[in-house]
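Observations on the model geometry
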Amino acid sequence: MAVDPVLPASVEQEARAALAGEPEEHRVLVLARLRRWWPDLLAGLTEAYGDAGAQVAEHAAEVAVQGALDRPAELRLLDLERLVQPDWFQSPRMLGYSAYADRFGGDLRGVAERAPYLAELGVTYLHLLPLLQPRPEPNDGGYAVADYRSVRPDLGDLADLRALTATLRGHGISLALDLVLNHVAAEHAWARAARDGDLRARAYFHVFPDRTEPDAFERTLPEVFPDFAPGSFTWDDDLRGWVWTTFNSWQWDLDWHNPEVLLEFADLVCFLANQGVEVLRLDAVAFLWKRLSTTCQDQPEVHALTRALRAVARIAAPAVLFKAEAIVGPEQLAEYLGTGRNAGRVSDLAYHNSLMVQVWSTLAAKDTRLLRTALARFGGRPSTTSWATYLRCHDDIGWAVDDADAAAVGLSGPLHRAFLSDWYSGAFAGSDAEGLVFQENEATGDRRISGTAASLLGVHAAAGDPVRLDLALRRHVLAHLVVLGWGGLPVLWSGDELALPDDDAWADDPTTAGDNRWVHRPRLPWEVAARRDEPGTVEARVFGALQHAARVRGGLPALHASAETEVLDPGDDRLLATVRRTQDQVLVGLYEVGGASRTCPRSALPVEGPLVDALTGRRVEGDVVLGPYEAVWLVPALS
Ligand code: GLC
């Protein structure tokens, strides 16, 4: 193992001078963190910027030390707490919830007022969708940020944001916010300056005088929004050039080959951390580094830059975690939690997109074979990291089914993907799903899907038919139990705890009409939420089931995120079986996915002796009998 480089004396001296007025314990701690993380900072930046890396690292260290100086007292204590318990986010007690601030609580104060609702559900982590100042509509739900240092005015201001994080912390809830780092709004000050002819600002973006380079790049670039934003470059008259725009024409990709961009974001990381944000969701992080003749995703420099930014965060605000939003294949995904020299040194959390896709695929096909094959490929993740597991989020569902995995179970990848789109848009005979097709790509045949979980699972199509409704609700709860029982940090999508239907209002509102993802981003109707207290209602049933599962989960050591999930073959393709083992516990999850009762022979399960279903407390001596869409979490009985 190579010996880590020592912090240069000049950097240490400068840090000491900056920290001169600090209380001794803070000064000592910050210097210790600087020494501890300098090697990561230097390694990451040298990988990205070559010989210039050392100098960039010195600047980044200054930014980090300033971030530590600016850190409010309350958050300095949080840093110490997190350092004492670095696996806090891996605890089975963690439960995430994700929502738009306005759609959930009206504004930031409204969200703070709703903290007890979240706590009642068992939530310990809240991801609020972008709330920093965006460009005027359209702005991709806030993912086109015009100013990272102010809050969207109708939601409140920075003081409200700080107050919200404090209120949430008081309820044991950590706030996660997006750090949109691939692009800024065309209205951001950097973009405006570039249009005004400022060459330094122009160098923050990828601008090309003619189509030569854009054409060369586009030969291997996939399109993200082929439907409403075809191509990846946009002509701008003021720039007199083509600017790189992976997403919409008004979302300008930043040029991370320019170290000044890295330094700007190092500062933003500290700034957001010091408002009390505990988790930064690295939005579209896969796209940061561009390289000709590639898809311009998942380039090694993405990880080098993440490692450097994380080092900055660890120096300034060690309580802060990074969560990678990389919707990429299994091999590439592993890199976001770190492999080889980056193991455990990049993001702490990453979305488990494959699990999400496979749950939907399994429920449509009533068959677990593809899931077993696809998910067997996930393993070897650093034990200090965690998956963020989820069934739905604010985005569409893209059928990321690997052709080779499909072939391994006798399916055609393209045909299975087409089946899933047909099934979830309700076009397939026998399907009662009510999804919408999003971004049909004629070149690839891809059809992504929008829709709330409950609408996709047939809950709303079953209204008025108690038997069908019962089955659909079981399916809705089961899908969530797979996610909750997987291990990792499960994140619920706002409204799914009440089985909310699709929100058709998106089509009538000019600000959302062009993007049908708004169909599954309903405003939380609080009068409907109130029905969670009325026994017999759909809301009471679903909210109660998820709340109960979250409570049970919190008491199961085997669900600590450090452990891996193994998918078993129970000899019945309508049963999903998983096992998790930690020092303290073995946990077998068994899920009926076909909608009819099933029996799993005990011999198919790798545990001896009497078992207890932690969800119901039911004792299981012999074979395990499951009702339609039933889930059991089996642990050895104490006696
Ligand atoms: C992420 C977000 C998505 C957004 C895109 C561009 O993928 O989840 O909603 O459109 O980034 O910022």
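In this text, all values refer to a predicted model and were calculated from it rather than measured experimentally. Counting of residues starts from 1 at the beginning of each chain's written sequence and follows it residue by residue. Restriction of local features to residues with pLDDT of at least 70 applies here, the model being predicted, together with a cutoff of 80 or more for giving and counting side-chain atom pairs; totals for whole chains, interfaces and linings are based on all residues. Just so you know, side-chain values use all the structure's heavy atoms and leave hydrogens and water out.

**Details of the nonpolar core**
- Among the nonpolar cores identified, the biggest contains 202 residues, and Tyr 97, Phe 205, Trp 256 and Tyr 424 are the most heavily contacted of them.
- Where each domain begins and ends is defined by an automated method or by a domain database. When residues are assigned to domains, this core turns out to be shared by domain 1 (189-253) and domain 2 (565-636), each giving three or more.
- Discounting chain neighbours no more than four positions away, the residues touching Phe 205 are Val 184, Trp 190, Ala 191, Ala 194, Val 243, Trp 252, Asp 253, Leu 254 and Asp 255.
- Joining through side-chain atoms within 4.5 Å is the link that ties buried Ala, Val, Leu, Ile, Met, Phe, Trp, Tyr and Cys residues into a set, and such a set is a nonpolar core. Burial here depends on accessible area, computed with a 1.4 Å probe over protein chains only, as a share of the maximum for the residue type. Under 20% is buried, over 50% is exposed, and the range in between is partly exposed. Membership of the second largest hydrophobic core comes to 15 residues, among which are Val 579, Val 620, Val 624 and Leu 626. We call two residues contacting when some pair of their heavy atoms lies within 4.5 Å.

**A few points about the pairing of strand S20 (residues 586-592)**
- The buried count for S20 comes to six of seven residues, which makes it a mostly enclosed element.
- We call two strands paired when DSSP finds no fewer than two bridges between them. Helix and strand assignments follow DSSP, with helices taken as H or I runs no shorter than four residues and strands as E runs no shorter than two, numbered in order from the N terminus. Sheet topology places strand S19 (residues 575-581) next to S20; seven bridges connect them, and they run antiparallel. Note that in S20 the partner of Val 579 across the bridge is Val 588.
- Relative to strand S25 (residues 631-636), S20 runs antiparallel, the two being bridged by four bridges. Counterpart to Gly 589 in the pairing with S25 is Trp 633.

**Focus: the sheet that holds S19**
- On the basis of which strands lie adjacent, the open sheet formed by six strands has the order S18-S19-S20-S25-S22-S23 and antiparallel pairing. Edge positions in the open sheet fall to strand S18 (565-568) and strand S23 (619-620), since each of these has one partner strand only.
- Pairing of strand S22 (residues 611-613) with S25, which is carried by three bridges, proceeds in the antiparallel orientation. Its bridge partner being in S25, Leu 611 is matched across the sheet by Pro 636.

**Thoughts on the pattern of salt bridges**
- In the sections that follow, a salt bridge refers to a side-chain nitrogen of Lys or Arg positioned within 4 Å of a carboxyl oxygen of Asp or Glu. For the structure on display, the rule yields 48 salt bridges.
- A cluster of three or more residues bridged by salt bridges with shared partners is formed by Asp 140, Asp 395, Asp 515, Arg 517 and Arg 521.

**Things to note about the confidence of the model for the protein**
- Per-residue confidence from the predictor is reported as pLDDT, which spans 0 to 100. Averaged over the protein, the pLDDT score is 97; the fraction of residues at 70 or greater is 100%.
- Per-element mean pLDDT across the protein ranges from 92 in helix H14 (residues 330-337) up to 99 in helix H12 (residues 259-273).

**Brief notes about the site of the ligand**
- Residue proximity to a molecule or strand is established when one non-hydrogen atom of the residue lies within 4 Å of it. All residues in the neighbourhood of the ligand are listed as Asp 140, Tyr 143, His 183, Phe 225, Phe 247, Gln 251, Arg 281, Asp 283, Glu 325, His 394, Asp 395 and Arg 517.
- Asp 140 places a side-chain nitrogen or oxygen 2.7 Å from an oxygen atom of the ligand.
- Polar contacts, as used here, are pairs of N or O atoms within 3.5 Å; protein pairs need one atom able to donate a hydrogen and one able to accept it. Residues neighboring in sequence count only if both atoms are side-chain atoms. Here His 394 contributes a side-chain N or O atom positioned 2.8 Å from an oxygen atom of the ligand.
- Out of a free accessible area of 310 Å², the ligand has 94% covered by protein chains.
- Of the residues that constitute the shell around the ligand, the class distribution is three nonpolar, three polar and six charged. Only the protein chains shown count as covering a residue, and every accessible area follows the Shrake-Rupley method with a 1.4 Å probe. Classification used: nonpolar for Ala, Val, Leu, Ile, Met, Phe, Trp, Tyr, Cys and Pro, charged for Asp, Glu, Lys and Arg, polar for all others including Gly.

**Thoughts on a negative patch on the surface**
- Patch members must show over 30% relative accessible area and no salt bridge, and they are joined within 9 Å when carrying like charges or within 5 Å when they are nonpolar side chains of Val, Leu, Ile, Met, Phe, Trp or Tyr. Charged-residue counts in this description rest on Lys and Arg as positive and Asp and Glu as negative, His and the chain ends being excluded. A single reference atom marks each charge: NZ on Lys, CZ on Arg, CG on Asp, CD on Glu. Among the surface-exposed residues, Asp 196, Asp 198, Asp 237 and Asp 238 lie close enough to one another that they form a single negatively charged patch.
- Tracing the chain through its elements places Asp 237 in the loop between strand S8 (233-236) and strand S9 (241-244).

**Quick look at the packing of helix H15 (residues 353-365) against helix H18 (residues 413-424)**
- Note on geometry: axes are lines fitted to C-alpha atoms, helical ones only across the stretch in contact, with angles between N-to-C directions running from 0 to 180 degrees. At a minimum axis distance of 10 Å, the contact between H15 and H18 shows a crossing angle of 75°. As the angle between them shows, H15 and H18 are arranged roughly perpendicular. For the pair H15 and H18, contact is made by Trp 360, Ser 361, Leu 363, Ala 364 and Ala 365 and by His 416, Phe 419, Leu 420, Trp 423 and Tyr 424, respectively.
- Of the residues assigned to the contact of H15 with H18, the class counts are eight nonpolar, two polar and no charged. Relative orientations are named as follows: roughly parallel for angles under 35 degrees, roughly antiparallel for angles over 145 degrees, roughly perpendicular for angles from 65 to 115 degrees, and oblique for any other angle.

**Considering the sheet that holds strand S14 (residues 386-390)**
- Pairing is parallel in the closed barrel, where eight strands are placed in the order S1-S2-S5-S11-S12-S13-S14-S17. When strand polarity is set aside, the average angle formed by the axes of neighbouring strands in this sheet is 25°.
- Running at roughly 140° to strand S5 (residues 174-180), helix H8 (residues 158-170) makes contact with strand S2 (125-128) and S5 of the sheet.

**Quick notes on the side chain of Arg 381**
- Residue placement: Arg 381 occurs in the loop between helix H16 (369-375) and S14.
- Within polar-contact distance, the side chain of Arg 381 engages the backbone oxygen of Ala 561 at 2.9 Å.

**Some remarks on the pairing of strand S4 (residues 145-151)**
- In terms of residue burial, S4 counts as a mostly covered element, since five of its seven residues are buried.
- Across three bridges, strand S3 (residues 132-134) lies against S4 in antiparallel orientation. What sits directly across from Gln 133, in S4, is Asp 147.

**Side note on the packing of aromatic side chains**
- Centre distance within 6.5 Å is the pairing criterion for rings of Phe, Tyr and Trp, where only the six-membered ring of Trp is used; planes under 30 degrees apart are then read as stacked, over 60 as edge-to-face, and the remainder as tilted. A complete count under the given rule lists 32 aromatic pairs for this structure.
- Their ring planes at 70° and their centres at 6.1 Å tell us that Phe 228 and Phe 438 sit as a pair that is edge-to-face. Of the two residues, Phe 228 is situated in the loop between helix H11 (212-218) and S8 and Phe 438 in strand S15 (residues 436-438); the sequence distance between them amounts to 210 residues.
- Across from the ring centre of Trp 88, 3.7 Å away, lies the NZ or CZ of Arg 82, which sits over that ring.
- Cation over ring: Arg 114 sits above Trp 526, and NZ or CZ is 4.0 Å from the ring centre. Only lysine NZ and arginine CZ atoms are considered, and such an atom sits over a ring when it is within 6 Å of the ring centre and within 35 degrees of the ring normal.

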